[in-house]
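One-letter residues, chain by chain:
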Amino acid sequence: MSAPAATAESMAEYYARRAQSYERVYFKPERQPDLRAMEAAMPEPFAGRRVLEIACGTGWWTPHGAAHAAHWLATDLNPETMAIAQAKSMPVSVGFRAVDAYTFDGLRGDERFDAAFSGCWWSHVPLARLPAWLATLHARLAPGARVRHLDNRFVLQSSTPISRRDAEGNSYQQRTLDDGSTHEVLKNFPAREQAVAALGPRTREARWTEYTHYWVLDYTLA
Ligand SMILES: C[S@@+](CC[C@H](N)C(=O)[O-])C[C@H]1O[C@@H](n2cnc3c(N)ncnc32)[C@H](O)[C@@H]1O
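Residues numbered from 1 in each chain as written. Predicted model: local features only at pLDDT ≥ 70, side-chain atom pairs only at ≥ 80, totals over all residues. Heavy atoms only, no water.

### Quick word on the sheet that holds strand β6 (residues 164-165)
- The strand order across the open sheet formed by 3 strands is β6-β7-β8, and the pairing between neighbours is antiparallel. The sheet terminates laterally at β6 and β8 (182-186), the two strands that pair on one side only.
- In this structure, strand β7 (residues 171-176) lies alongside β8, joined through 5 bridges in antiparallel fashion. Bridge pairing in β8 places Q174 opposite E184.
- Together, β7 and β8 form the strand contacts of helix α1 (residues 8-18), whose direction differs from that of β8 by roughly 125 degrees. (Pairing = 2+ DSSP bridges. Helix = DSSP H or I, 4+ residues; strand = E, 2+ residues; numbered from the N terminus. Contact = heavy atoms within 4.5 Å. Axes fitted to C-alpha atoms, helices over the stretch in contact; angles between N-to-C directions.)

### Comments concerning the nonpolar core
- With 32 residues, the main nonpolar core has Y26, M42, F46, W61, W72, F117 and L150 as its most contacted residues.
- Ranked by residue count, the leading element in this core is α1, at 3 residues.
- Filtering out sequence-adjacent residues up to four positions away, M42 remains in contact with W61, H64, G65, W72, F117, R148 and L150.
- Grouped together as the second largest cluster of nonpolar side chains are 29 residues, L52, L73, F113 and L221 included. (Core = buried A, V, L, I, M, F, W, Y, C linked by side-chain atoms within 4.5 Å. Buried < 20%, exposed > 50% of the residue type's maximum accessible area, 1.4 Å probe, protein only.)

### Regarding the side chain of S159
- Position of S159 among the secondary structure elements: in the loop between β5 (141-152) and β6.
- Residues within four places of S159 in sequence aside, it is in contact with R31, R153 and F154.

### A word on the packing of aromatic side chains
- Counted by the stated rule, this structure contains 14 aromatic pairs.
- On the basis of an interplanar angle of 10 degrees and a centroid distance of 4.4 Å, the ring pair of Y26 and W60 is categorised as stacked. Placement of the pair is Y26 in the loop between α1 and α2 (32-40) and W60 in the loop between β1 (50-54) and α4 (62-65), with a sequence separation of 34 residues. For the pair shown, Y26 and W60 are each scored as buried.
- Ring centres of W72 and F117 lie 6.1 Å apart, and the angle between their planes is 45 degrees; this geometry places the pair in the tilted category. (Phe/Tyr/Trp six-rings, centres within 6.5 Å; stacked < 30°, edge-to-face > 60°.)

### Quick notes on helix α5 (residues 79-86)
- Burial in α5 covers these residues: T81, M82 and A85. Buried residues of α5, seen end-on, are gathered within an arc of 95 degrees and therefore sit on one face of the element.
- Contacts from the buried residues of α5 go to α1, β2 (71-76) and β3 (94-98). (Arc of directions from axis to C-beta.)

### A look at the site of the ligand
- The environment of the ligand is formed by 20 residues, the closest being Y26, A55, D76, N78 and A101.
- Contacts to the ligand include A55, whose backbone N or O atom sits 2.7 Å from a nitrogen atom.
- Here an oxygen atom of the ligand sits 2.7 Å away from a polar atom, N or O, in the side chain of D76.
- In isolation the ligand exposes 590 Å². Once the protein is present, 98% of that is buried. (Near = heavy atom within 4 Å. Polar contact = N/O pair within 3.5 Å; in protein donor to acceptor, adjacent residues only side chain to side chain. Areas by Shrake-Rupley, 256 points an atom, 1.4 Å probe, with all protein chains shown as cover.)

### Focus on the sheet that holds β2
- Across the sheet, 7 strands lie side by side as β3-β2-β1-β4-β5-β10-β9; this open sheet has mixed pairing. Only two strands of the sheet have a single partner each, and these edge strands are β3 and β9 (203-210). Taking the axes of each pair of neighbouring strands and ignoring which way they run, one obtains an average angle of 15 degrees across the sheet.
- Both β5 and strand β10 (residues 214-221) contribute to a ladder of 7 bridges, which runs antiparallel.

So far we have only geometry, and geometry alone does not tell us how the molecule works.
Below you can see the structure in the form of structure tokens.
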């Protein structure tokens, strides 16, 4: 039987329940070369900057990105995922806070950053919400801010199959957790043109890098 249709709330709950087993996805053998290359490229855009990380989860990318950052605020909605990140050894620049990635509730009204990072979050934002979500994020960023989003590409044999598509073009997967529960997850796999088109007018120097299993989108804000 199919799980109920995905909502923002069910997505957050799914990741809370998956927290303990989440990092298995980073040990898939076929993804190791991509992961090492992407980790090695993480420090450069954020060096010396004040960085906001959205939906940090268990903090896989955090120590790589924060290696030379001035300050790195890792945020997530779920205490279950963030607790795993907080238990890891992190650069001294790293702090943690509960923040909703859609509303940015949890940040102070006047809090601004000069860089931002999201790992495997973009794919979970419904297509109709992407431009507004990006505009809300960019409003938190100073002129000249560097931004990096990275996420999965769909690879047959490695990715969970697509179970359905909706009228707006979002794609979904049926995923099963260790406790046997099944969950519908919204997971989009944008092409370069689609992703860049969502970025909005402040974007400069957009650069899309494709690996076998992942894409990375870098840009600077005017
Ligand atoms: C696919 S995981 C990505 C984790 C990490 N960034 C990575 O790349 O491994 C998605 C994360 O989004 C978080 N999340 C779900 N809904 C959220 C929301 N509304 N605001 C902030 N985080 C949310 C989940 O707790 C989960 O940690």
